[in-house]
Amino acid sequence: MSGGSGGRDDDPTEEEEDEEDDDDDDDASASCSLVPSPTASASAGASSPRTMTTISRHYFGGDSSADDHVFFIDIIENMREDYGMFVWPCSKVLAEYIWQQRSRFSGVSVVELGAGTSLPGLVAAKVGANVILTDNSYQAEVLDNMKRICDFNKLNCEILGLTWGEWDEPMFNLHPQIVLGADVLYDSTDFDDLFATVAFLLENSPGSVFMTTYHNRSGHHLIEFLMVKWGLQCSKLLDGYSFMPPCKGCSLQGNIQLVEITLDKQFS
């Protein structure tokens, strides 16, 4: 889930096991099955363990036990691959926020940075946004999985390799009204490149906003410094649990915040 190159300290395997234990309550476990990945099938004769994927289901619009669900998003996660192949808690919080703010997304252009399994971007597409999903240009397996997930959900999102801090030609063609980023603030070595990229996209689209969710483990002082450096300001800050339905929030861990960031008019 990164446009940078850092790793994760979290334990995705433990989180996946927790989700599967709460089938009746967790938004990610309405449907969960293990299937061999195409890579594993192609190398069935190899001596190494097969790479396995799990399909998790995320619902929006109703109680998990009711029949009035508005829609589901199915995510293909990989149990042995890059950290961009898992649905992290911040993605669930941002996706729920998008659902609740869906009137803001209808017909607008959206770019998700460090999309990984792309749950927020897919929800945005489902509620009517024109979505471009991006992740590290050098993470081909993550980009391929994003395409598989879009096809699986019958959603027509553009997939683009975009590495934070690198100014490739496709960057200049992006004019998003909303930029998304779930748990992109976890590796401080990537922060400067991330904020440089966000600032560029917001400058490229007057009136646009960056919506991101992050754990409080992130370096707040560094974040504040870089926002000032790149001419950005916080326009809204929420506790992630303040708008999560109890049936979803109870399965999450950590102090998760949601922030909306815009260009600071003093510097624009």
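This one's a predicted model, so the numbers in the text were calculated from it and none came from an experiment. (Residues numbered from 1 in each chain as written. Predicted model: local features only at pLDDT ≥ 70, side-chain atom pairs only at ≥ 80, totals over all residues. Heavy atoms only, no water.)

(A) Representation of the overall build of the protein chain. Helices and strands together make up the secondary structure of the protein chain, namely 8 helices and 10 strands. Buried residues in the protein chain amount to 54% of all 268 residues. Across the protein chain, the fraction of contacts at a sequence separation of at least 24, relative to all contacts at a separation of at least 6, is 72%. As displayed, the protein chain offers around 11,700 Å² of accessible surface, 48% of which is attributable to carbon and sulfur atoms. (Helix = DSSP H or I, 4+ residues; strand = E, 2+ residues; numbered from the N terminus. Buried < 20%, exposed > 50% of the residue type's maximum accessible area, 1.4 Å probe, protein only. Contact = heavy atoms within 4.5 Å. Areas by Shrake-Rupley, 256 points an atom, 1.4 Å probe, with all protein chains shown as cover.)

(B) Region of the structure containing the sheet that holds strand 7 (residues 178-182). Ordered by their spatial adjacency, 7 strands build an open sheet running 6-5-4-7-8-10-9, and the pairing between neighbours is mixed. This sheet does not close on itself; its edge strands, each paired only once, are strand 6 (158-161) and strand 9 (232-239). Neighbour-to-neighbour, the strand axes of this sheet turn through a mean angle of 20°, independent of strand direction. In this sheet, strand 6 lies alongside strand 5 (residues 130-135) in parallel orientation, the contact comprising 4 bridges. Residue pairing for strand 6: threonine 134 is matched across the bridge by leucine 160. Helix-sheet contacts for helix 3 (residues 89-100) involve strand 7, strand 8 (209-215), strand 9 and strand 10 (256-263), and the interaxial angle to strand 8 is about 140°. Sitting on the sheet, helix 4 (residues 119-126) touches strand 4 (109-112), strand 5 and strand 7, and the angle it makes with strand 5 is about 170°. (Pairing = 2+ DSSP bridges. Axes fitted to C-alpha atoms, helices over the stretch in contact; angles between N-to-C directions.)

(C) Structural context of the nonpolar core. Residues Ile73, Phe105, Leu122, Val123 and Leu180 are the most contacted members of the largest nonpolar core, which totals 45 residues. For this core, the element with the highest residue contribution is helix 3, accounting for 7 residues. Other than its neighbours up to four places away in sequence, leucine 122 contacts Ile73, Ile75, Thr117, Leu133, Ile149, Cys150, Asn153, Leu155 and Cys157. Formed by 28 residues, the second largest nonpolar core is a distinct cluster that contains Trp164, Met171, Val259 and Ile261. (Core = buried A, V, L, I, M, F, W, Y, C linked by side-chain atoms within 4.5 Å.)

(D) Up close: helix 4. In terms of residue burial, helix 4 counts as a mostly covered element, since 7 of its 8 residues are buried. If you check which residues of helix 4 are buried, you get Leu119, Pro120, Gly121, Leu122, Val123, Ala124 and Ala125. Positive phi appears at glycine 128, one or two residues downstream of helix 4, with a value of about 110°.

(E) Seen up close, empty space enclosed by the protein. Following the criterion strictly, the structure yields 1 cavity of 30 Å³ or more and no others. When its volume is computed, the largest cavity comes out at roughly 50 Å³. If you trace the largest cavity, you find it lined by Leu160, Gly161, Leu162, Thr163, Glu166, Asp168, Pro170 and Met171. Residues of the lining of the largest cavity, tallied by class, amount to 4 nonpolar, 2 polar and 2 charged. (1 Å grid on protein atoms, 1.4 Å probe; cavity = no way out; pocket = protein on both sides within 12 Å on 5 of 7 lines; lining within 4 Å. Points joined across faces, edges and corners; volume = space filled by probe spheres on them. Nonpolar A, V, L, I, M, F, W, Y, C, P; charged D, E, K, R; others polar.)

(F) Up close: the state of the cysteines. One pass over the structure, following the stated rule, counts 0 disulfides. The thiol sulfur of cysteine 247 is not disulfide-bonded, and the nearest other cysteine sulfur, from cysteine 250, lies at 6.9 Å. Classification of cysteine 247 as buried rests on a relative accessible area of 17%. (Disulfide = S-S within 2.5 Å.)

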